[in-house]
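Next come the chains, spelled out residue by residue.
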Amino acid sequence: MTSPRYTHGHHESVLRAHRVRTAQNSAAYLLPSLAPGLRVLDVGCGPGTITADLAALVAPGRVTAVEPVPGALDLARSCARERGQDNIDFVVADVHALQFPDNSFDVVHAHQVLQHVADPVTALREMRRVCRPGGVVAARDSDYASFTWYPASAELDDWLRLYRDAARANGGEPDAGRHLLAWAHAAGFTDVTPTATAWCYATPADRQHWGAMWADRILQSAITEQLLASGAADPAELQAISLAWRTWADHPDGWLAFLNSEILCRV
């Protein structure tokens, strides 16, 4: 089984958002389970900023970072080199059929991954299989239906509808957050701690970061190509959405927040 098409792609506007992620702001629920010497599997490591943080926290233990395609791993390798973090191994792997032996890792982690895979329950079963007894499997995913913002904007309503439709057309589940606990139970976990945290963008700097990122992303990234090719949107509609993001970012009362769900599963 292979993963579906990755809705976001790897355009600079996407990486701009992903590179601000750290273990502290994106995996705080997992940090109490980490200690020096542990072996960690980081599924869907992306540009590697969280991966490098995890590697620093478990050194002299090692982190194995995986992505389904070789090119994506190059981004994480670059981050590790820049950080001087040499306890990371990079492996091309499909989370639905991991090539690692049973009980290979103390911690298995996936951040914003299960919303994009073809079969999240199979993925979690594989993550459980490669985690040793007594270890933990951790996953965190957003829930796009929870996105809310001020001021109201018909164009941003269009953005959310188009994104959710595109993600589902690619075989993913954009509202993954609400499903995490059910997926974990279906995968055979019986000791699961579910939590949730919110990301909020309301300061001028945060609004500019998020608004400018999506203003570019809706016009230049993989989702742009998908929406235009499928006929789901035309260039004028995408330009209007881009402008709406910049307008929202410039609004002194602009506010946006959404939920991230988390599961910490003990094996």
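Overview of the structure. All figures in this text were calculated on a predicted structure; none of them were measured in a lab. Along each chain, residues carry numbers from 1 onward, in the same order as the chain's sequence is written. Given that the model is predicted, a residue must reach a pLDDT of at least 70 before its local features are reported, and side-chain atom pairs must reach 80 or more before they are shown or counted; all residues, however, enter totals for whole chains, interfaces and linings. Side-chain descriptors were evaluated using all non-hydrogen atoms of the structure, hydrogens and water having been removed beforehand.

1. Topic: the overall build of the protein chain
Inclusion rule: For the purposes of this entry, the term helix denotes a DSSP run of H or I that reaches at least four residues, the term strand denotes a run of E that reaches at least two, and both are numbered from the N terminus. When we talk radius of gyration, it's over C-alpha atoms, and the globule rule is simply 2.2 Å times the number of residues to the 0.38. Per-residue accessibility, obtained with a 1.4 Å probe over protein chains only, is compared with the maximum for each type, and a residue is labelled buried under 20%, exposed over 50%, and partly exposed between these values. Whether two residues are in contact is decided by their heavy atoms: any pair within 4.5 Å suffices.
A count of helical and extended segments in the protein chain gives 10 helices and eight strands. Its C-alpha atoms give the protein chain a radius of gyration of 18 Å, near enough to 18 Å, the size a compact globule of 267 residues would have. Within the protein chain, buried positions represent 54% of all 267 residues. Pairs at least 24 apart in sequence give 77% of the contacts found in the protein chain among residues at least 6 apart.

2. Details of the pattern of salt bridges
Applicable threshold: A pairing counts as a salt bridge when a side-chain nitrogen of Lys or Arg comes within 4 Å of a carboxyl oxygen of Asp or Glu.
Counted according to the given criterion, the structure contains 15 salt bridges. Among the ionic pairs, Asp106 bridges to Arg39, the shortest N-O distance being 3.3 Å. Within this pair, whereas Asp106 is found in strand 4 (residues 105-111), its partner Arg39 is found in the loop between helix 2 (23-26) and strand 1 (40-43), the two being separated by 67 residues in sequence. For Asp106, a relative accessible area of 8% gives the class buried.

3. Regarding the environment of Pro204
If you trace the backbone, Pro204 turns up in helix 8 (residues 204-220). C-alpha separation for the pair Pro204 and Ala97, spaced 107 residues apart in sequence, amounts to 44 Å.

4. A few points about unusual backbone geometry
Geometrically, the link from Ala59 to Pro60 is a cis peptide bond, its omega value of 10° lying close to zero. Topologically, Pro60 is positioned in the loop between helix 3 (49-58) and strand 2 (63-67). Cis geometry is found at the peptide bond from Tyr150 to Pro151, where omega equals 0°. In this structure, Asn103 is a non-glycine residue whose phi angle is positive, near 60°. Given a relative accessible area of 41%, Asn103 falls into the partly exposed group. The phi dihedral of Gln112 is positive, around 55°, even though this residue is not glycine. Residue classification places Gln112 among the buried positions, given a relative accessible area of 9%.

5. Observations regarding helix 9 (residues 222-230)
Along helix 9, the positions that sit buried rather than exposed are Ala222, Ile223, Thr224, Gln226 and Leu227. Where helix 9 is buried, its residues meet helix 6 (154-169), helix 8 and helix 10 (235-250). Trailing helix 9 by a residue or two, Gly231 shows a phi angle of about 80°, which is positive.

6. A closer look at the pairing of strand 5 (residues 131-142)
On a regular strand, one side chain projects to one face of the sheet and the next to the other, so that they alternate. As a reminder, the rule being used: For two strands to be treated as a pair, DSSP must find at least two bridges joining them. For a crossover, the right-handed case is the one in which the path from the first strand over the helix to the second runs clockwise, viewed with the strands pointing away from the viewer.
Among the 12 residues of strand 5, nine are classified as buried, and the element is accordingly described as predominantly covered. Inspection of the sheet shows strand 4 paired to strand 5 by six bridges, in the parallel sense. Residue pairing across strands places Phe105 opposite Cys131, the latter belonging to strand 5. In this region the chain leaves strand 4, passes through helix 5 (residues 120-129) and returns to the parallel neighbour strand 5; the handedness of that crossover is right-handed. In the sheet, strand 5 pairs with strand 8 (residues 255-266) via seven bridges, with the strands oriented antiparallel. The residue of strand 8 that forms the bridge with Val137 is Cys265.

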